[in-house]
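# Reading the structure
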Amino acid sequence: REGRHIIVSVFADKQFGFDIALAVIGQILSAIFLLLLSWRGFVAAGESAALLEYTQGAVAFPVYPSKYALAVGALIAGIEAIRNAVALLARGTTQ
């Protein structure tokens, strides 16, 4: 069940040869977005940790661990998107 996303067949029809190009462009755009999200997540987490930011309420929880978790998750997803783009180019097919 790898690579099973919905693609509009008018634009990604194999007879036009756009399927690989669209898949690679999609993976690259995803990687850029996720890596930027990760970068800003690490910046926000560092600032939160420096300020010892906690939630308000009856029980105060530190905020920075969840910000680090978001940044690490986005970093892993961005690296995976790059890996998928390279694999698509190496395979030469989306199947």
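## Describing the side chain of serine 48
Take serine 48: it is sitting in helix 2 (residues 18-51). Residue classification places serine 48 among the buried residues on the basis of a relative accessible area of 1%. One polar contact links serine 48 to glutamate 53, side chain to side chain, over a distance of 2.9 Å. A distance of 3.5 Å separates the side chain of serine 48 from the backbone nitrogen of tyrosine 64, its partner in a polar contact.

## Description of helix 2
Helical geometry note: an α-helix holds 3.6 residues per turn, so side chains three or four residues apart project in the same direction. The terminal C-alpha atoms of helix 2, which comprises 34 residues, lie 49 Å apart, in line with the 50 Å expected from a rise of 1.5 Å per residue. By the burial criterion, the buried members of helix 2 are Asp19, Ala23, Val24, Ala31, Leu34, Ser38, Gly41, Ala45 and Ser48.

## What to know about the environment of proline 62
With respect to the element layout, proline 62 can be found in the loop between helix 2 and helix 3 (64-91). For the pair formed by proline 62 and serine 48, sequence separation is 14 residues and the distance between their alpha carbons is 8.7 Å. Not counting residues up to four positions away in its chain, the partners in contact with proline 62 are Glu53 and Tyr54.

## Some thoughts on unusual backbone geometry
A positive phi is found at leucine 52, a non-glycine position, where the angle reads about 50°. Among the structural elements, leucine 52 can be located in the loop between helix 2 and helix 3.

## Concerning a nonpolar patch on the surface
A cluster of nonpolar residues, Leu35, Phe42, Tyr68, Val72, Leu75, Ile76, Ile79, Ile82 and Val86, forms a patch on the protein surface that exposes about 720 Å² of accessible area. If one sorts the elements of the nonpolar patch by residue count, helix 3 sits on top with seven residues. Along the chain, valine 72 turns up in helix 3. When its relative accessible area of 38% is taken as the criterion, valine 72 is described as partly exposed.

## What to know about the side chain of serine 38
Mapped onto the elements of the fold, serine 38 is located in helix 2. With residues near it in sequence (within four places) discarded, serine 38 still touches Ala71, Ala74 and Leu75.

## Some details on the packing of aromatic side chains
The relation between two aromatic rings is expressed through the spacing of the ring centres and the mutual angle of the planes. One pass over the structure, following the stated rule, counts one aromatic pair. Between phenylalanine 42 and tyrosine 68 the ring centres are 6.2 Å apart and the planes differ by 55°, which places this aromatic pair in the tilted class. Taken together, the positions of phenylalanine 42 in helix 2 and tyrosine 68 in helix 3 put the pair 26 residues apart, joining distant regions of the chain. When the ring centre of tryptophan 39 is taken as reference, the NZ or CZ atom of arginine 40 above it lies at 5.5 Å.

Cut-off values and rules
Residues numbered from 1 in each chain as written. Predicted model: local features only at pLDDT ≥ 70, side-chain atom pairs only at ≥ 80, totals over all residues. Heavy atoms only, no water. Helix = DSSP H or I, 4+ residues; strand = E, 2+ residues; numbered from the N terminus. Buried < 20%, exposed > 50% of the residue type's maximum accessible area, 1.4 Å probe, protein only. Polar contact = N/O pair within 3.5 Å; in protein donor to acceptor, adjacent residues only side chain to side chain. Expected span 1.5 Å × (residues − 1). Contact = heavy atoms within 4.5 Å. Patch = residues over 30% accessible without salt bridge, like charges linked within 9 Å, V, L, I, M, F, W, Y side chains within 5 Å. Areas by Shrake-Rupley, 256 points an atom, 1.4 Å probe, with all protein chains shown as cover. Salt bridge = Lys/Arg side-chain N within 4 Å of Asp/Glu carboxyl O. Phe/Tyr/Trp six-rings, centres within 6.5 Å; stacked < 30°, edge-to-face > 60°. Lys NZ or Arg CZ within 6 Å of the ring centre and 35° of its normal.

These figures come from the coordinates and say nothing about function on their own.
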